[in-house]
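Survey of secondary and tertiary structure
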Amino acid sequence: MSTLLQINQKAQRLLRSELGPVDSVRYQQQFTTGTGDYTAERQATTPMEIGSIAERVAALKEAGLLPAPPNAKIIRK
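Residues numbered from 1 in each chain as written. Predicted model: local features only at pLDDT ≥ 70, side-chain atom pairs only at ≥ 80, totals over all residues. Heavy atoms only, no water.

Regarding its fold elements, the protein chain presents three helices and zero strands. Helices and strands in the protein chain line up, N terminus first, as α-α-α. Dimensions of the protein chain along its principal axes, counting C-alpha atoms only, are 55 × 35 × 30 Å. Looking at the protein chain residue by residue over its 77 residues, the buried ones come to 4%. For the protein chain, the exposed surface amounts to about 7700 Å²; the carbon and sulfur share of it is 57%. Of note, the protein chain has its 10 positive side-chain charges centred 9 Å away from the centre of its 7 negative side-chain charges. (Helix = DSSP H or I, 4+ residues; strand = E, 2+ residues; numbered from the N terminus. Buried < 20%, exposed > 50% of the residue type's maximum accessible area, 1.4 Å probe, protein only. Areas by Shrake-Rupley, 256 points an atom, 1.4 Å probe, with all protein chains shown as cover. Lys, Arg positive; Asp, Glu negative; His and termini not counted. Charge placed at Lys NZ, Arg CZ, Asp CG, Glu CD.)

Structure (structure tokens):
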């Protein structure tokens, strides 16, 4: 199995050979590593209780704002 570094190097070589140096750099510039601490931010938010989520989904369905996907089998308790 290849390391992540090896995979990245291979991907960069392939991009350069297929897109050329200028377009491969332009392609890579659209990606960023991001900022902040997602885990800390996620833990700082108050999680919704599953019951309130279920109530909200039911209300959206009743209002016709959350239709079932085509061919979905709806199971009622």
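Over its 25 residues, helix H1 (residues 4–28) extends only 16 Å from the first C-alpha to the last, a length that falls short of the 36 Å expected when each residue adds 1.5 Å. The largest bend in H1 comes to about 115°, at Gly-20, with the proline Pro-21 one to four residues further on. Considered for burial, the residues of H1 that qualify are Leu-15, Gly-20 and Ser-24. (Expected span 1.5 Å × (residues − 1). Bend = angle between axes of the 7 residues up to and from the residue.)

Our next topic: a nonpolar patch on the surface. Together, Met-48, Ile-50, Ile-53, Val-57, Leu-60, Leu-65 and Leu-66 make up a nonpolar patch on the protein surface, roughly 620 Å² of accessible area in all. The residue Leu-66 is located in the segment after helix H3 (50–62) in this model. (Patch = residues over 30% accessible without salt bridge, like charges linked within 9 Å, V, L, I, M, F, W, Y side chains within 5 Å. Salt bridge = Lys/Arg side-chain N within 4 Å of Asp/Glu carboxyl O.)

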